[in-house]
Amino acid sequence: MSALKDRLRADLTTAIKSRDEVRSSTLRMVLTAITNAEVAGKEARELTDDDIIGVLSSEAKKRREAAVAFGEGGRAEMAAKEFAEGEVLADYLPAQLSDSEVTEIVSAAIEQTGAAGEGMRAMGKVMGIVTPQVKGRADGGAVAAEVRRQLG
């Protein structure tokens, strides 16, 4: 079993014992999402830590989007709940890259592929190199926007 999944289960037990409602409900939700990912497809499989980070990233993204939607809809209490769940998930994700670090990675990828003069046609090549480097550490939409900006 993966170390990250073990940590999530242990932290769930601790959260339940300390009666931390937000943390325990969030960890239950993410463990359910991990179990669903394990049994999805034709054959059940054990997820690696990288796969679990992918699940955590997508769940965190859902929380961010829901918090924004609730905030825009005037439901501040629901937005705060979603934001709190996102904070719990952030504890298990790798440190996020800053905008300047993303810019440097994209610049290096453009230089590596020689895509500087190709414009938007080279987006796929550049994203193919950048995506594995930033997986779980930066929002994919922000990375794609930076690639578009630099390819111009």
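Residues numbered from 1 in each chain as written. Predicted model: local features only at pLDDT ≥ 70, side-chain atom pairs only at ≥ 80, totals over all residues. Heavy atoms only, no water.

Asks: Would you mind going over helix 4 (residues 76-90) with me for this structure?
Replies: For helix 4, spanning 15 residues, the distance from its first C-alpha to its last is 21 Å, which sits close to the expected 21 Å at 1.5 Å a residue. By the burial criterion, the buried members of helix 4 are Ala 79, Glu 82, Glu 85, Gly 86, Val 88 and Leu 89. Where helix 4 is buried, its residues contact helix 2 (21-39) and helix 3 (49-72). (Helix = DSSP H or I, 4+ residues; strand = E, 2+ residues; numbered from the N terminus. Expected span 1.5 Å × (residues − 1). Buried < 20%, exposed > 50% of the residue type's maximum accessible area, 1.4 Å probe, protein only. Contact = heavy atoms within 4.5 Å.)

Asks: Help me understand the pattern of salt bridges in this model?
Replies: Between side chains of opposite charge, a pair can form when the charged atoms approach closely. Tallied over the full model, the rule gives 14 salt bridges. Among the ionic pairs, Arg 63 bridges to Glu 85, the shortest N-O distance being 2.9 Å. Separated by 22 residues along the polypeptide, Arg 63 in helix 3 and Glu 85 in helix 4 bring together distant segments of the chain. By the burial criterion, Arg 63 is buried, and Glu 85 matches it. Lys 81 serves as the salt-bridge partner of Glu 85, at 3.0 Å between the closest nitrogen and oxygen. Of this pair, Glu 85 and Lys 81 both sit in helix 4, 4 residues apart, which is roughly one turn of the helix. Residue classification places Lys 81 among the partly exposed residues on the basis of a relative accessible area of 41%. Shared partners join several salt bridges into a network, and the residues in it are Glu 59, Lys 62, Arg 63, Lys 81, Glu 82 and Glu 85. (Salt bridge = Lys/Arg side-chain N within 4 Å of Asp/Glu carboxyl O.)

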